[in-house]
Amino acid sequence: IRKIHDYLIKTVSYDDNYVEGESVTLSNKANGALIDNIALCSGYTDAFALFMDELGIENFKVSTENHVWNVIYFNEQWLHVDVTWDDDEVNNKTTHYFFLIDTEELLEKGIELIFIDNQTVSTPYIRNLLNVAEEQNLIAKHSLKNTVQLLLLVELDRAEQERIEKIQNECDEA
């Protein structure tokens, strides 16, 4: 997993010049990352997901209003991987700041999650659940943490279904 993460970082550059509907590159898709070696976060994410699919590793994509990254099921837990944010082109190095981190660690890094279908389930709500979980006995703690993971999976599934519908609509229009 790490080799794929690092390979994408070493071979792909972020497309600072992309303009939707005007750019000739497919940097918002895996093609951009894997063929043209240029991508937006969605291109990095799609490429990483293709590799995970080939390895048989369950994975989803998570998005905020302006960013997308991967979540994979590894070592019996769901972990976040953000290849885009780990690509430090300014310093020309690979970082692992967003590599295989759990949701608690992601929230600690200041990432704000907002569930589109239910905006009351946002980062403060999740943080509160996790804080309550820390104060509980082992069974309650485990149950609350599983609830947070379930909330994330439901949102991931919704986002993926929305993405698939968008692609199908684009294909129907073409």
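It should be noted that the structure appears before, not after, this text.
Residues numbered from 1 in each chain as written. Predicted model: local features only at pLDDT ≥ 70, side-chain atom pairs only at ≥ 80, totals over all residues. Heavy atoms only, no water.

Help me out: how do you make sense of unusual backbone geometry in this one?
Trans is the prevailing form of peptide bonds, just as negative phi is the prevailing case for residues other than glycine. We note that Asn 37 has phi near 60°; this positive angle belongs to a residue other than glycine. Following the sequence through the fold, Asn 37 ends up in the loop between α2 (30-36) and β2 (38-39). (Helix = DSSP H or I, 4+ residues; strand = E, 2+ residues; numbered from the N terminus.)

Explanation requested: the pairing of strand β5 (residues 77-81) in the structure shown.
In regular strands, side chains alternate between the two faces of the sheet. Across the 5 residues of β5, 4 count as buried, placing the element largely inside the fold. Across 5 bridges, strand β4 (residues 68-74) lies against β5 in antiparallel orientation. Considered in β5, the bridge of Val 71 is made with His 80. Between β4 and β5, which pair antiparallel in sequence order, lie 2 residues; one of them, Asn 75, sits at a positive phi of approximately 55°. In this sheet, strand β8 (residues 99-101) lies alongside β5 in antiparallel orientation, the contact comprising 2 bridges. Looking at β8, one finds that Val 81 is bridged to Phe 99. (Buried < 20%, exposed > 50% of the residue type's maximum accessible area, 1.4 Å probe, protein only. Pairing = 2+ DSSP bridges.)

Quick question: what am I supposed to make of the pattern of salt bridges here?
Once the charged atoms of two side chains with opposite charge are near each other, the side chains can pair. Applying the stated criterion across every chain yields a total of 3 salt bridges. Linking Lys 61 and Asp 46 is a salt bridge whose minimum nitrogen-to-oxygen distance equals 3.0 Å. A residue pair is termed long-range when its members are at least 10 positions apart, and Lys 61 in strand β3 (residues 59-63) and Asp 46 in helix α3 (residues 41-55) qualify at 15 residues. Note on Asp 46: relative accessible area 13%, which makes it buried. (Salt bridge = Lys/Arg side-chain N within 4 Å of Asp/Glu carboxyl O.)

Such coordinate-based values are descriptive only and should not be taken to indicate function.
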